[in-house]
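So the chains spell out like this:
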Amino acid sequence: MNTQVIQISDPILQKSDLSRAAEIIRAGGLVAFPTETVYGLGGDGTDDSAAKKIYAAKGRPSDNPLIIHVAAPEDADRYAVVNATYRRLAKAFMPGPLTVILQKREIVPKSVTGGLDTVAVRCPSHPVAHALIALAGVPIAAPSANLSGKPSPTCAAHVIADLSGRVDMILDGGDCEIGLESTIVKVDGEDEITLLRPGGITYDALCMVVSKVNIAPAVTHALAQNEHPLSPGMKYRHYAPNIPVVLLSGESKKVTAFLANEQKTKKCALLCYEEELPFLRADRLFPVGKRDDLAAQAQTLFRLLREADRTDAEIIYAHLPPETGLGLALYNRMIRAAAHTIKEV
Ligand code: AMP
Ligand code: MG
């Protein structure tokens, strides 16, 4: 398949390009597009065969459900049974990086939901994503636009590397602002939700809107053997570079000294803080941002994991993020990238 790559810098001026992309979606084809979180691989969310094409293009297990993207929060009502909790979440956080799991309606095929009776709904804020969904006139089912098991793509080059020849079109809208996938919550009842995946909407922000916010154990821990995951995605190995990743925890000066010492004896790639640069040798060094700048670290993480994985390193070291604020989303992705390998220094 020949994949067209189109740069979109202005969705209003480039309406004709976006209309062509929307036409591909309506005709059952696949278009990768930028969102504020990561790039998505989109197809018609009401079309069983488009969903199957998405799974095939990514090499994704067909029981790992897709998120459907809508142009306006109210549109969720057409595809899912919404309630007051959804409306409050939507008012507070949509459009934006929040996905809500609700009971699905008949119109959404089971291939989209991985066989489940629930469906994940999100309304992205990125202007290109919004324009594409509105022009398509159908909800867009879209998982992250990476090959299954690779880090999610945060720029068009990552999508091209993974999916060129496997999709009809890639819309290049530059770097994603947040860099980590959306926060996912399941509505449990009136005023109660469970956080299934942390993201740009933090636990604290959710608590301002909903009285009871549970956190699924798999957010911070490995699933126990035989444990039933609340979200199918939890059971799959994710975000894992080929080179083994080890996360370091401990007093900051000690960790920096440990890294400097490891550089002397091993071929290691380091995802370090900017403050550590003066103390480290300059090869295979990937600064993630300042120690306290969690937003910068979120934005760069997946790109740097891809870059570190292309080096000749035998090991990748990174810092264990804090479990607070946006740190919880980083923590959740990093422990997966590291297959839960944490070293206390
Ligand atoms: P991705 O878009 O690639 O980030 O993947 C979407 C994630 O949403 C997957 O990990 C799924 O497990 C999760 N998800 C989608 N639909 C549902 C659902 N109905 N119930 C629980 N989790 C879901
Ligand atoms: Mg994904």
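Preceding this section is the structure that the text describes.
**Student:** Can you tell me about the overall build of the protein chain, naming the residues and giving the values?
**Tutor:** Within the protein chain one finds 10 helices and 17 strands. For the protein chain, the C-alpha radius of gyration of 20 Å lies close to 20 Å, the compact-globule estimate for 345 residues. Seen through its C-alpha atoms, the protein chain measures out along the principal axes to roughly 60 × 45 × 40 Å. For the protein chain, the residues scored as buried account for 58% of the 345 residues in total. Counting only contacts in the protein chain whose residues sit at least 6 apart along the sequence, the fraction spanning at least 24 positions is 66%. With 37 positive and 39 negative side-chain charges, the protein chain shows a spacing of 3 Å between the two charge centroids.

**Student:** Before we move on, could you go through the environment of P241 and cite the residues and values that matter?
**Tutor:** Positionally, P241 belongs in the loop between β12 (212-215) and β13 (245-249). In this structure, the C-alpha to C-alpha distance between P241 and N64, residues 177 residues apart in sequence, is 20 Å. Apart from the residues within four sequence positions on either side, P241 is in contact with L305, D309, I316 and A337.

**Student:** Give a description of the site of ligand 1 that names residues and reports values.
**Tutor:** The full set close to ligand 1 counts 18 residues, and R60, T118, R197, S231 and G233 are the nearest of them. One of the side-chain N or O atoms of R60 is found 3.0 Å from an oxygen atom in ligand 1. Burial of ligand 1 by the surrounding chains reaches 95%, relative to a free accessible area of 500 Å². In terms of residues, the shell around ligand 1 owes the most to one element, strand β7 (residues 118-122), which gives three residues. Of the residues that constitute the shell around ligand 1, the class distribution is 11 nonpolar, five polar and two charged.

**Student:** Which residues make up the packing of helix α9 (residues 294-309) against helix α10 (residues 327-337), and what are the values?
**Tutor:** Direction vectors running N to C along α9 and α10 enclose 20°, while the axes themselves pass 10 Å from each other. With respect to α10, the axis of α9 lies roughly parallel. Of the two elements, α9 crosses α10, and the hand of that crossing is left-handed. Along its contact with α9, which presents L294, Q297, A298, L301, F302 and L305, the element α10 presents G327, L330, R333, M334 and A337. Of the residues that constitute the contact of α9 with α10, the class distribution is eight nonpolar, two polar and one charged.

**Student:** Report on the nonpolar core, specifying residues and quantitative values.
**Tutor:** Counting 53 residues, the largest nonpolar core has L89, L98, V100 and L206 as its most contacted members. Sequence-distant contacts of L206, that is, excluding residues within four places in its chain, are made with L89, F93, L98, T183, V185, I193, L195, I201 and V213.

**Student:** Pulling in residues and values, what's your account of the sheet that holds β13?
**Tutor:** Overall, parallel pairing links the five strands, which are arranged β15-β14-β16-β13-β17 in an open sheet. In this open sheet, the two edge strands, each paired with only one partner strand, are β15 (285-287) and β17 (342-344). Adjacent strand axes in the sheet meet at a mean angle of 25°, parallel and antiparallel pairs treated alike. Alignment of strand β14 (residues 268-272) against strand β16 (residues 315-319), held across four bridges, turns out to be parallel.

Calculation notes
Residues numbered from 1 in each chain as written. Chains lettered and ligands numbered in written order. Predicted model: local features only at pLDDT ≥ 70, side-chain atom pairs only at ≥ 80, totals over all residues. Heavy atoms only, no water. Helix = DSSP H or I, 4+ residues; strand = E, 2+ residues; numbered from the N terminus. Rg over C-alpha atoms; globule rule 2.2 N^0.38 Å. Buried < 20%, exposed > 50% of the residue type's maximum accessible area, 1.4 Å probe, protein only. Contact = heavy atoms within 4.5 Å. Lys, Arg positive; Asp, Glu negative; His and termini not counted. Charge placed at Lys NZ, Arg CZ, Asp CG, Glu CD. Near = heavy atom within 4 Å. Polar contact = N/O pair within 3.5 Å; in protein donor to acceptor, adjacent residues only side chain to side chain. Areas by Shrake-Rupley, 256 points an atom, 1.4 Å probe, with all protein chains shown as cover. Nonpolar A, V, L, I, M, F, W, Y, C, P; charged D, E, K, R; others polar. Axes fitted to C-alpha atoms, helices over the stretch in contact; angles between N-to-C directions. Parallel < 35°, antiparallel > 145°, perpendicular 65-115°, else oblique. Left-handed = near helix turned anticlockwise from the far one by under 90°. Core = buried A, V, L, I, M, F, W, Y, C linked by side-chain atoms within 4.5 Å. Pairing = 2+ DSSP bridges.

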